[in-house]
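# Summary of structural features
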Amino acid sequence: QKEVEQNSGPLSVPEGAIASLNCTYSDRGSQSFFWYRQYSGKSPELIMFIYSNGDKEDGRFTAQLNKASQYVSLLIRDSQPSDSATYLCAVRVNSGYALNFGKGTSLLVTP
Amino acid sequence: EAQVTQNPRYLITVTGKKLTVTCSQNMNHEYMSWYRQDPGLGLRQIYYSMNVEVTDKGDVPEGYKVSRKEKRNFPLILESPSPNQTSLYFCASAGPNQPQHFGDGTRLSIL
């Protein structure tokens, strides 16, 4: 069973702080890693993807990948109340299409 | 605009009355997939399709059918719906080595 694990939260951070969301995965053959944001009752929206070890930055978002330790994280700088959502980690094992999803971490940014 | 379109967005129906949820994508993607999302259980894959006339079971296929007669369309069929199929359903599509794009979701209530 290919496991993708996330803390369910809620993770509560004050406005302007850095939110750190973590995800671990079990399959060492995993190749591609995705972060989706999902507002309540809405569809998942892709915000970041990362393929190589290290950091990838896009605006206020940074994805970090450590394949040796089998974890991927998402940092959100200058958190805003509008960032309050559930963040889904998704992992692709082989080249192709299928994704294994974690159950998501709920983030609450308080004004 | 690139999109995945699901219809209907909301449906309340009764046990045993056959229903179809349509999904259409305009990105010429080979891969399409159906998920259901329930509180605490995350996204669970129902069926997927790698191309026209090629479909396969996901993690929770019981009680569902799909077809892929055209590349753009991937309908989800519930031939005899039951209350345990009350859920939020998402269709997604992807090109090779690309992230999955999700439709807006269909909220099904089966009484």
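Please read these numbers as outputs of a predicted model, since none were measured by experiment. (Residues numbered from 1 in each chain as written. Chains lettered and ligands numbered in written order. Predicted model: local features only at pLDDT ≥ 70, side-chain atom pairs only at ≥ 80, totals over all residues. Heavy atoms only, no water.)

### Re the overall build of chain B
Put simply, the test is: Helix and strand labels come from DSSP, where a helix needs a run of H or I of at least four residues and a strand needs a run of E of at least two; each type is numbered from the N terminus. With a 1.4 Å probe rolled over the protein chains alone, any residue whose accessible area is under 20% of its type maximum counts as buried; one over 50% counts as exposed, and the rest are partly exposed. Note on contacts: a residue pair is in contact if any heavy atoms of the two residues lie within 4.5 Å.
A tally of helices and strands in chain B yields zero helices and eleven strands. Of the regular secondary structure in chain B, the N- to C-terminal order runs β-β-β-β-β-β-β-β-β-β-β. Counting only C-alpha atoms and orienting by the principal axes, one finds that chain B spans roughly 40 × 25 × 25 Å. Within the span of chain B, comprising 111 residues, buried residues form 50% of the whole. A fraction of 52% describes how many contacts in chain B between residues 6 or more apart in sequence connect residues 24 or more apart.

### Comments concerning the side chain of B:Arg68
Residues and elements named next belong to chain B. For the record, the criterion: As used throughout, the charge tally considers Lys and Arg to be positive and Asp and Glu to be negative, leaving His and the chain termini uncounted. Take a side-chain nitrogen of Lys or Arg and a carboxyl oxygen of Asp or Glu: if they are within 4 Å of each other, that pair is a salt bridge. In protein, a polar contact means a hydrogen-donor-capable atom and an acceptor-capable atom, both N or O and within 3.5 Å, with residues adjacent in sequence counting only if both atoms are side-chain atoms; elsewhere, any N or O pair within 3.5 Å suffices.
Its location among the elements puts Arg68 in the loop between β7 (65-66) and β8 (76-78). Here Arg68 sits buried without a salt bridge, and the closest side chain of opposite charge, Glu30, lies 7.4 Å off (N-O distance). There is a polar contact of 3.5 Å between the side chain of Arg68 and the backbone oxygen of Glu70. Ignoring anything within four residues of it in the chain, the contact list for Arg68 reads Gln25, His29, Glu30, Met32, Ser49, Met50, Asn51, Val52, Glu53, Thr55, Asn73 and Phe74.

### What about the state of the cysteines?
Applied cut-off: Criterion for a disulfide: a pair of cysteine sulfur atoms at a distance within 2.5 Å.
Here the structure, examined in full by the defined rule, presents two disulfides over all chains. One disulfide in the model links A:Cys23 with A:Cys89; its S-S distance is 2.1 Å. Between A:Cys23 and A:Cys89, the S-S torsion sits near -70°, and that sign places the bridge as left-handed. Placement of A:Cys23 in strand β3 (residues 19-25) and of A:Cys89 in strand β9 (residues 85-92) is noted, with a sequence separation of 66 residues between them. By the burial criterion, A:Cys23 is buried, and A:Cys89 matches it. Through a disulfide, B:Cys23 is tied to B:Cys91; the S-S separation comes to 1.9 Å.

### Structural notes on unusual backbone geometry
The linkage connecting A:Gly9 with the following residue, A:Pro10, adopts the cis geometry, with an omega of 10°. Looking at where A:Pro10 falls in the secondary structure, it is placed in the loop between β1 (4-5) and β2 (11-14). The peptide bond linking B:Asn7 to B:Pro8 adopts the cis configuration, its omega dihedral lying at -5°. Structurally, the position occupied by B:Pro8 is in the loop between β1 (4-7) and β2 (10-13). We note that A:Asp78 has phi near 50°; this positive angle belongs to a residue other than glycine. One non-glycine residue with positive phi stands out, namely B:Asn28, at about 60°.

### Quick look at the pairing of strand β6 (residues 54-58) of chain A
All names here are of chain A. How we decide: In this scheme, strands are said to pair when DSSP sees at least two bridges between them.
Bridging between β6 and strand β7 (residues 61-66) involves five bridges; their strand directions are antiparallel. Paired with Asp55 across the two strands is Gln64, which belongs to β7. Where β6 folds back onto β7 in an antiparallel hairpin, the turn is made up of two residues, including Gly59, whose phi is positive at roughly 65°.

### Here we look at the sheet that holds β6(A)
All names here are of chain A. Judged by pairing direction, the sheet is antiparallel, and its five strands sit side by side in the order β1-β3-β8-β7-β6 without closing on themselves. Across the chains shown, the open sheet's two edge strands, defined by having one partner strand only, are β1 and β6. Both β7 and strand β8 (residues 71-76) contribute to a ladder of six bridges, which runs antiparallel. Residue pairing for β8: Phe61 is matched across the bridge by Ile76.

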